[in-house]
Structures are given as structure tokens and as C-alpha cells.
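These are the residues of each chain, in order.
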Amino acid sequence: MTRPELLAADHIRELTQHHTTTEKRPRRVPVPTTIGPRHHTAWTNDPSGNTELHVVTHPPLLAQLRDAITGSTALSDESAGTRFGSKPAGHLESLDLVARIDRQSTDLANEHGIDQPDLTKRLLALSGFIGHHPHRLVRSWWASARVITQHDAPPYRPHAPCPACDEPDTLRIRVDDELGHCTSCGETWDTTGQPDSRPLALLAQHIRWCTDHEVTRPRHWLTDAGGYPVECTECLEFREARATRRAAQGQAVARGA
């Protein structure tokens, strides 16, 4: 089910404050024993596949990112009173995202005359100015944080270049949240249908095409009717254009160094 569209204020709230979600998990049932009906030494997932709803309290996404850098974040299940450890996120990915949010939110705050050095307080102040409507940049911070923190399950990591920045192995996709994110350029894809959003379906189509044509390899070979290897001509233009772009990027980096 597609998650209802959130406003900038909703995204900032999840970035800066504790928030809860209701999630489905396998129903736990006692392992049968011969001791008696009231004696159960172990529990397991219901073999019938039945699920239960659990209310999970999440720390602020910014706190999860910072904790991921130090490796100490956790989630709590209010319905059972248990603690669920968050899966570790990449140290550098978390560090880069916090730095990007800090930098971009400073620029956005300057546009609205906000002078606040503290990141959390700055985002809360921004919410009063831009929180009444969806905001592409704020949605990008939220989506990227959701993907990187991995507090539900690790994201899908396709071996395909990002269609925005062309970097390989930087795409992260959360299927349940219907979110895509590039850890290099910060671009996001979703299913909100907003005029300024990039459709997740287009990203999926790009990944399938890149996978089918093995674009991260030097060449894509096919077999002709006679059984001889021939180079694929459908992806040749894409490969040449990508090689030209990456050569230009390398020269730009060399000049900057």
C-alpha cells in the first residue's frame, strides 16, 4: 500500500522527534512441549504465517543517523515492552547525509532569514515557514534517512549506476516504503506523484535495463544465429556516453586537485 503523502512538517517531525509506526510481524506461538500446557520454554513464529500488529517507537531519524555513526541506536516495541536493535547503517553514508542536511538546511534557512546553528532547532524553525506543503528537498532528507538507517530491513542495493549522477553501487531502495535513494548525489525516487518528484517506477525501469545490458561491465556480448559472440548495439551508445561523462568527471577532479 502506498503511504499517504506527507507534508514538509511531517518529514521534519520524523527527522527531529520520536515517532511511532504500526508494523506487521509474524505472530509468536509457543513451541509444543510435553511438560504441560502452562510450561513453554521457547517461542517461534507461527508456522501458519499469521501476523500481528506491533506499535514501534522510533528515535528521531537524525538521532538514528548519528547513532549509526557511533553504533548505538535502538527501537522499542511498545506492545510487548521489548527492545529491538537497529541494523547498523554505513558510517560514511550516515556521516555524509548529516553533513548534507546541515549544509542544505543552512542555505534554506538563510533564504527565510533564520539564523540557527543547531541543526534540529533549525529544522523545527524551517517547519514553520515551509511545513504546510510538500517540499522536495525536505522529502529528500527524510527519504534518504529512512533508507540509510535501515531500521526495518536492509535496503535493496542494485549493481547499477545512478541515473542522476552515474555513480555505480550507490542506489538504495526500500521496497516497503517505496523509496529510492542515491548515497552519492542524494537524489530520491518515490511514488508520491508530485510534479517535482522522480517516479520510483522509472528508477526500477532504469535498473532493469542496466542489469539486462550489464552496463557496469566493459562490454555486453550476445550470441548471433551462428553461435558467435557479437557486441550488443542497443546499449553501445549508452556505454560510450557514460564513458565520456566519467572521463570528463575524472578530468574535473584532476583539475580541482
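This text gives an overview of the structure that appears in the document. Residue numbers run consecutively from 1 along every chain, following the written order of its sequence. Restriction of local features to residues with pLDDT of at least 70 applies here, the model being predicted, together with a cutoff of 80 or more for giving and counting side-chain atom pairs; totals for whole chains, interfaces and linings are based on all residues. Side-chain measures here rest on the full set of heavy atoms in the structure, leaving out hydrogens and waters.

**Some words on the environment of Arg-208**
- Here Arg-208 shows up in helix H6 (residues 200-212).
- Along the primary structure Arg-208 and Ala-160 are separated by 48 residues, whereas in three dimensions their C-alpha atoms are 8.8 Å apart. Note on conventions: DSSP H or I runs of at least 4 residues are helices, E runs of at least 2 residues are strands, and numbering of each starts at the N terminus.

**A short note on the sheet that holds strand E9 (residues 188-189)**
- Pairing between strands requires that DSSP locate at least two bridges from one strand to the other. Pairing is antiparallel across the open sheet formed by 3 strands, whose spatial order is E7-E8-E9. Each end of this open sheet is capped by a strand with a single partner; those strands are strand E7 (171-174) and E9.
- With 2 bridges connecting them, strand E8 (residues 179-182) and E9 associate as antiparallel partners. The partner of Gly-180 across the bridge, within E9, is Trp-189.
- Relative to the sheet, helix H5 (residues 136-149) contacts E7, E8 and E9, its axis offset from that of E8 by approximately 90°. Any two residues whose heavy atoms approach within 4.5 Å at even a single point are treated as in contact. Axis definition: a line fitted to C-alpha atoms, limited for helices to the stretch in contact. Angles are taken between N-to-C directions and run from 0 to 180 degrees.

**Topic: the nonpolar core**
- Judged by nonpolar contacts, the single largest core of 25 residues is most densely connected at Leu-62, Leu-65, Ile-101, Leu-123, Leu-126 and Trp-141.
- It is H5 that provides the largest number of residues to this core, a total of 7 residues.
- When residues no more than four places from it in sequence are discounted, the contact partners of Leu-126 are Ile-12, Ser-105, Leu-108, Ala-109, His-112, Ile-114 and Gly-131. As used in this record, nonpolar core signifies buried Ala, Val, Leu, Ile, Met, Phe, Trp, Tyr and Cys residues forming a set joined through side-chain atoms within 4.5 Å. Only protein chains enter the accessibility calculation, which uses a 1.4 Å probe. A residue is then buried if its area is under 20% of the maximum for its type, exposed if over 50%, and partly exposed in between.

**Focus: the pairing of E7**
- The two faces of E7 match: Leu-171 and Ile-173 on one face and Arg-172 and Arg-174 on the other face are all buried.
- The sheet contact formed by E7 and E8 spans 4 bridges and is antiparallel. Bridge pairing in E8 links Arg-172 to His-181.
- Taking the residues between adjacent antiparallel strands as the criterion, E7 and E8 are bridged by 4 residues, where Glu-178 takes a positive phi near 55°.

**Let's talk about the packing of aromatic side chains**
- Under the pairing criterion, centres of Phe, Tyr and Trp rings, with the six-membered ring standing for Trp, must be within 6.5 Å; the plane angle then separates stacked pairs below 30 degrees from edge-to-face pairs above 60, leaving the rest tilted. Tallying each qualifying case throughout the model produces 1 aromatic pair.
- For the ring pair Trp-209 and Phe-238, a centre distance of 5.1 Å and an interplane angle of 70° mean the geometry is edge-to-face. Residue Trp-209 is located in helix H6, and its partner Phe-238 is located in helix H7 (residues 236-256); the two are separated by 29 residues in the primary sequence.
- You can call Trp-209 partly exposed: its relative accessible area is 26%.
- The class of Phe-238 is partly exposed, set by a relative accessible area of 23%.

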